[in-house]
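Architecture and fold: a report
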Amino acid sequence: MNIIPGDGMRKCYFDYVATNPLHPEVLNTMMPYFKEEFGNPLSIYEPGQRAKKAIEEAREQVASMINARPSTIIFTSSGAEANSFALKGMAIAKQNQGNHVIVSRVEHHSILSSARFLEKSGFVVTYLPVDKYGFVDPEAVKDSITKETIVISIIHASSEIGTIEPIKEIAIVAQERNITMHTDAVATTGNIPIDVKDLGVDLLSMAAHQFYGPKGAGALYVKRGVRIVPLICGGIQEGGRRAGTENVPAIVGMGKAAEIAKSGMSRRIEHCKKLRDKIIEGVLKIPNVHLTGHHGNRLPHHASFVVEFIEGEAMLLMLSMKGIYSASGSACTSKALKSSPVLLSIGIPTALAQGSIVFSLGMSNTEEEVDYFLEEFPRIINRLREMSPFMKKKEGGSKCYTGG
Amino acid sequence: MYSEKVNDHFMNPRNVGEILGADGIGIEGNLACGDVMQISIQVENDKIVDAKFKTFGCGAAIAVSSMITEMVKGKTPADALKISKEDVVQELGGLPPQKMHCSNLGANALRKAVEDYRKKGKVYIA
């Protein structure tokens, strides 16, 4: 289904980890809160109270999606805010008990940058290595714990390689030692079933635009009884834990999106998995292309690869000229011009990391789109390989050029 | 993101390949940054009569390679050395700021190709 307006050419949106389109029902639910229902939820008169009621209903919907109590949900502006809030807020709240924080090397920038901020403020941070699939080993978590350890934060699934981490096992390790456990579940919430009680985490970050909700809405689950220091100071919104007048339309939209995600989850997973497996099977038929992340234990809507001898941005551009939209972790596509730390951490050499490409799927995608893509992609790879000075190295017997 | 000219040279690159028995070959680049460029030239009677490229890199790197191989044809090796990075960018109608350094390797690769040609001493021009 074509969700991208344009010139009539076929458009395949394969970048759902970047963002999702808004579900039409979500938009309908949000509309009154852009217009007549503009009241401030803190106001005691009727329009204010209606807005208050709307965000409390959204809180229930979001809580229900992850099997939590409504009072444990703090709305934020984004997944990045939820992550920054979780790591900084927990470390500061527990600074009298210790100064050691554990994260993995496959975290999102919002966790890694917050960790570096904490390091500059006097905390000690361990960046746990991962194996070739991107898995964090719960035993390694156990071994890195010291008397000073106060917080562990491990991503639920990386949107770059799709691998789903053994959060439950890691949370058990944390629980046994009374260490606070956070997981960045931005890529997983709304896409795979999440039960915070089953996962055993104390904190969990999410973002609405990863499950057909609006941008500008995220949330942090904070288990009852866990103390956290606010990131944003001011008024008494969100139980005094996150100040600022609430983004009512976005919060209402997030609630509706959560409700739809919960009821439609198995159908969504089935739809995406079928297309994902078709992409993985088709792309791996091309010589010298490798899957990144784990084959089975990965996000249902996520297929990621590294392609030898060519560069990611060039692939993205050629695909986009064919109306196919995807993502890459190559240095050229990043503003910092550095290869993705996630790819390097799973042992992919710098040169090969340049050939990274990620396809992520959603409900708009069809089998015909995948067929079209599987026809175009090998041609694009061939065209770029014809231009590549490294293709001849292969004939010399080397499997992959990994210099640099 | 890119100018129309860059897109054109990226989608329809000119002079892709390697000249067999080239008179000069220059390679420039860094894989950590993501771009490596190889330019080969053929020189006859003190004129560059052919230039080809092979490039591992992003859209900008490929467009730069394509453009500089077009610009250099018909020039003397001495004049080829005068082509600057800025000249290539200008011909391409500009490049995004973050692409000015890493991807703009054409002038350096060409300089190395001319130096290689001079070292080989097919026809030495001072």
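Everything numeric here is computed off the predicted structure, so don't read it as measured data. (Residues numbered from 1 in each chain as written. Chains lettered and ligands numbered in written order. Predicted model: local features only at pLDDT ≥ 70, side-chain atom pairs only at ≥ 80, totals over all residues. Heavy atoms only, no water.)

**Focus on the packing of aromatic side chains**
Residues and elements named next belong to chain A. Counted according to the given criterion, the structure contains 10 aromatic pairs over all chains. Here the aromatic rings of Tyr13 and Tyr16 are separated by 5.1 Å at their centres, their planes lie at 65°, and the arrangement is edge-to-face. Across the pair, exposure class does not vary: Tyr13 and Tyr16 are buried alike. Aromatic side chains Phe14 and Phe373 sit 5.6 Å apart centroid to centroid with 85° between the ring planes, which places their arrangement in the edge-to-face category. Here Phe373 lies in helix α12 (residues 367–387) and Phe14 lies in the loop between β1 (12–13) and α1 (24–34), a separation of 359 residues in the sequence. Of the two residues, Phe14 and Phe373, both sit in the buried class. (Phe/Tyr/Trp six-rings, centres within 6.5 Å; stacked < 30°, edge-to-face > 60°. Buried < 20%, exposed > 50% of the residue type's maximum accessible area, 1.4 Å probe, protein only. Helix = DSSP H or I, 4+ residues; strand = E, 2+ residues; numbered from the N terminus.)

**Some remarks on the domain arrangement of chain A**
All names here are of chain A. Segmentation of chain A into domains returns domain 1 (12–21 + 264–395) and domain 2 (24–261). For domain 1 and domain 2, the distance between their C-alpha centroids amounts to 28 Å. Between domain 1 and domain 2, the contact holds 29 residues from the first and 30 residues from the second. With both sides pooled, the region where domain 1 packs onto domain 2 buries about 2600 Å², and carbon together with sulfur makes up 56% of that total. Of all residues in domain 1, Met265, Arg268 and Val342 bury the most surface against domain 2, accounting for 24% of the area lost on that side. Counting across the interface, domain 1 meets domain 2 through zero salt bridges. (Domains from an automatic or database assignment. Contact = heavy atoms within 4.5 Å. Buried area = accessible area lost by both parts, 1.4 Å probe. Salt bridge = Lys/Arg side-chain N within 4 Å of Asp/Glu carboxyl O.)

**Some remarks on the environment of Phe377 of chain A**
All names here are of chain A. Tracing the sequence through the fold places Phe377 in helix α12. Accessibility expressed as a relative area gives 0% for Phe377, which makes it buried. Measuring from C-alpha to C-alpha, the distance between Phe377 and Ile92 comes to 48 Å, with 285 residues separating the pair along the chain. Dropping the residues within four chain positions of it, Phe377 is found in contact with Val283, Ile286, Val307, Met315, Leu319, Ile357 and Phe359.

**Remarks on the pattern of salt bridges**
In a structure, side chains of opposite charge can pair up when their charged atoms sit close to one another. All names here are of chain A. A complete count under the given rule lists 26 salt bridges over all chains for this structure. For Arg276, the salt bridge is made with Asp277, and the minimal N-O distance between the two is 3.0 Å. Of the residues examined, Arg276 reaches a relative accessible area of 4% and is grouped as buried. Salt bridges here are not isolated pairs; linked through shared partners, they connect Lys52, Glu56, Arg59 and Glu238.

**Structural notes on the nonpolar core**
In terms of nonpolar packing, the biggest core is built from 65 residues, with Ile279, Phe305, Phe377 and Leu384 of chain A together with Ile41 of chain B touching the most fellow members. Looking at this core element by element, the count peaks at nine residues for helix α2 (residues 59–72) of chain B. Not counting the four nearest positions on each side in its chain, Ile279 of chain A is found in contact with Phe14, Ala303, Phe305, Phe359, Leu361, Val370, Phe373 and Leu374 of chain A. Membership of the second largest hydrophobic core comes to 60 residues, among which are Ile155, Ile161, Ala261 and Ala353 of chain A. (Core = buried A, V, L, I, M, F, W, Y, C linked by side-chain atoms within 4.5 Å.)

**Thoughts on the side chain of Glu238 of chain A**
Along the chain, the position of Glu238 of chain A falls in the loop between β8 (218–222) and α8 (248–283). Judged by its relative accessible area of 8%, Glu238 of chain A is buried.

**Overview of helix α5 (residues 106–120) of chain B**
Residues and elements named next belong to chain B. Helix length check: α5, at 15 residues, gives a terminal C-alpha distance of 21 Å against a target of 21 Å (1.5 Å per residue), a fit within 8%. Along α5, the positions that sit buried rather than exposed are Gly106, Ala107, Asn108, Ala109, Leu110, Ala113, Val114, Asp116 and Tyr117. Check the buried side of α5 and you find it contacts β1 (24–30), β2 (35–44), α2, α3 (77–80) and α4 (85–91). Of the residues trailing α5, Gly121 is marked for its positive phi of about 70°. (Expected span 1.5 Å × (residues − 1).)

**What to know about helix α2 (residues 46–65) of chain A**
All names here are of chain A. Helix length check: α2 (20 residues) gives 29 Å between terminal C-alpha atoms against 28 Å at 1.5 Å per residue, within 8%. Among the residues making up α2, those that are buried are Gly48, Ala51, Ala54, Ile55, Ala58, Arg59, Gln61, Val62, Ala63 and Met65. On the buried face of α2, the contacting elements are α1, β2 (73–76), β7 (203–207) and α8. One or two positions beyond α2, positive phi appears at Asn67, with a value near 55°.

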